[in-house]
Amino acid sequence: MIDFTKVTLVGNEERYVLQAMKEKSLAGDGYYTKQCENAISNLLNTEAPTLLTPSCTAALEMAAVLINISEGDEVIMPSYTFVSTANAFILHGAKVVFVDIEADTMNIDAKKIEQAITEKTKAIVPVHYAGVSCAMDEIMTLAQKYSLYVIEDSAQALMSSYKSTPVGTRGHLAAFSFHSTKNYTSGGEGGCLVINDQSFIERAHILREKGTNRRNFIQGTVDKYTWVDKGSSFLMSEIQAAFLLGQLEKAHEINRDRNKSWDLYSDELKKLAPQVEIPSYKNNIKHNAHMFHIKVENKEIRASLINYLKSKNIQSVFHYVPLHSSPAGMRYSTFIGQDIYTTIESERIVRLPLWFGISSSEQRYVVEQIKSFFEKNSHNCFHRQSNK
Ligand SMILES: *Cc1c(COP(=O)(O)O)cnc(C)c1O
């Protein structure tokens, strides 16, 4: 069986986890946390502080609290995303406002954001799908024009860049994921919040330390530690941070390997046009090969392709069902403007096996089977009309 995804392991994870255990310093914000936070800031080439969190979901929730999301606020995002992007804001009373995506990147269409802005709009949450950056210049310009916050859902995008600037350094806040399905993991669950707007730093530390000024106490700037604001527990355990450090040390190696695999799929599968559409991005986009997806004509062909590949022992999967069509989405959100691409494009996506260390022979087998599917089914596949 060729799995769709496999957990990345690069070598030092076990050693660092055992070391953390030996040192008996397991609670959050210890040595390994600091090492990881520095490593992430270095990878992002930023002075902005990074705080490790239990998940990207938690980092997004921290962002919602930091920008004071409250009842009635509106937050603009794509409907084609993971539930956490919306939940983080809905939990604090916001209404989620969806706008359409672009067909080629599957990211929010920056040109369609302005029509959705109202007096109640508080933030824009771009999601860098597949590690491919959203049009951040346009988004930041709009945010400035209307005094909105930008929270980047960078869950999939560590090591990606846009116009040579690392993704996750432009918005006021950015959340990354270290879930086991992402390019770098802290051993299953994990994430971080990058604080690009300095005005949030102090409160972010208080918020994650259960609303206390424990950090100031440890630094010796106050003589007792006390409850000073709203808070929760948003720390990552040192065991997880130790695991993550093993991966971050090898971030470039992991990134190179994934990109090499991505390029192989891209080179081989472009030969199967027009039945198979492969992603193509602008030159100013450098992505981290978080996923490789193809698009086929429609969801019926997609279902048969996925089944066919399964019969050949290849696990391929589709992705998000747009949130605005889900039961909770109908309750908590509205879609502004027309859904031209969100639903239709989401129904055409098939994600192929891609992980650190996948062999080129495994990939070639996947390519061969996709090819044979289309050879066998060529009579009932209509050539897709270009929609550009
Ligand atoms: C994975 C993911 C999340 C959630 O990350 P967790 O670390 O599992 O909480 C949020 N948004 C997007 C776009 C994701 O891909």
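Above: the structure in question.
What you are looking at is a predicted structure, and each value in this text was computed from that prediction instead of being measured.

Visitor: How should the overall build of the protein chain be read in this particular structure?
Guide: Counting its secondary structure elements, the protein chain contains 13 helices and 13 strands. Taking 2.2 N^0.38 as the reference for a compact globule, 388 residues should give roughly 21 Å; the C-alpha atoms of the protein chain span a radius of gyration of 21 Å, in line with that estimate. Dimensions of the protein chain along its principal axes, counting C-alpha atoms only, are 75 × 55 × 35 Å. By residue count, 56% of the 388 residues in the protein chain fall in the buried class. Of the contacts made within the protein chain by residues no fewer than 6 positions apart, 71% connect residues no fewer than 24 positions apart. Counting only carbon and sulfur atoms, one obtains 51% of the accessible surface of the protein chain, whose full area is about 17200 Å². Computing the positive centroid from 42 side-chain charges and the negative centroid from 43, the protein chain places the two 3 Å apart.

Visitor: What's the story with a nonpolar patch on the surface in this structure? I'm lost.
Guide: Judged by side-chain polarity, Leu-18, Met-21 and Leu-26 come together as a nonpolar surface patch covering roughly 270 Å² of accessible area. Along the chain, the position of Met-21 falls in helix α1 (residues 13-23). Given the relative accessible area of 47%, Met-21 is considered partly exposed.

Visitor: I tried to follow the pattern of salt bridges on my own but got confused; where do I start?
Guide: If charged atoms from side chains of opposite charge come close, those side chains can pair. What the rule picks out here adds up to 22 salt bridges. Residue Glu-74 is joined to Lys-95 by a salt bridge in which the shortest nitrogen-to-oxygen separation is 3.8 Å. A residue pair is termed long-range when its members are at least 10 positions apart, and Glu-74 in strand β2 (residues 74-78) and Lys-95 in strand β3 (residues 95-99) qualify at 21 residues. Note on Glu-74: relative accessible area 8%, which makes it buried. A salt bridge links Arg-203 to Asp-229; the nearest nitrogen and oxygen atoms lie 3.2 Å apart. Taken together, the residues Arg-203 in helix α6 (residues 201-208) and Asp-229 in the loop between α7 (214-219) and α8 (238-248) connect sequence positions 26 residues apart. Overlapping salt bridges, with partners in common, bring together Asp-29, Lys-34, Glu-37 and Arg-208 in one network.

Visitor: How should the pairing of β3 be read in this particular structure?
Guide: Consecutive residues of a regular strand have side chains that alternate between opposite faces of the sheet. Burial analysis of β3 places 4 of its 5 residues in the buried class, which makes it a mostly covered element. As judged from the 5 bridges shared by β2 and β3, these two strands associate in the parallel manner. Across the sheet, the residue bridging to Ile-76 is Val-97, located in β3. Between the parallel elements β2 and β3, the chain passes through helix α4 (residues 83-90) in a crossover that is right-handed. Where β3 and strand β12 (residues 333-335) come together, 3 bridges link them in parallel fashion. Paired with Phe-98 across the strands is Phe-335, a residue of β12.

Visitor: When you look at the site of the ligand in this model, what are you seeing that I'm missing?
Guide: Taken together, 15 residues lie around the ligand, and Thr-57, Asp-153, Gln-156, Ser-177 and Lys-182 are the ones closest in. Measuring from an oxygen atom of the ligand, one finds a backbone N or O atom of Cys-56 at 2.9 Å. In the model, an oxygen atom of the ligand is placed 3.4 Å from a nitrogen or oxygen of the Gly-190 main chain. Summarising the interface, the protein chains cover 93% of the accessible area of the ligand, which totals 390 Å² for the free molecule. Class assignment of the residues belonging to the shell around the ligand gives a composition of 5 nonpolar, 8 polar and 2 charged.

Cut-offs applied
- Residues numbered from 1 in each chain as written.
- Predicted model: local features only at pLDDT ≥ 70, side-chain atom pairs only at ≥ 80, totals over all residues.
- Heavy atoms only, no water.
- Helix = DSSP H or I, 4+ residues; strand = E, 2+ residues; numbered from the N terminus.
- Rg over C-alpha atoms; globule rule 2.2 N^0.38 Å.
- Buried < 20%, exposed > 50% of the residue type's maximum accessible area, 1.4 Å probe, protein only.
- Contact = heavy atoms within 4.5 Å.
- Areas by Shrake-Rupley, 256 points an atom, 1.4 Å probe, with all protein chains shown as cover.
- Lys, Arg positive; Asp, Glu negative; His and termini not counted.
- Charge placed at Lys NZ, Arg CZ, Asp CG, Glu CD.
- Patch = residues over 30% accessible without salt bridge, like charges linked within 9 Å, V, L, I, M, F, W, Y side chains within 5 Å.
- Salt bridge = Lys/Arg side-chain N within 4 Å of Asp/Glu carboxyl O.
- Pairing = 2+ DSSP bridges.
- Right-handed = clockwise from strand over helix to strand, strands pointing away.
- Near = heavy atom within 4 Å.
- Polar contact = N/O pair within 3.5 Å; in protein donor to acceptor, adjacent residues only side chain to side chain.
- Nonpolar A, V, L, I, M, F, W, Y, C, P; charged D, E, K, R; others polar.

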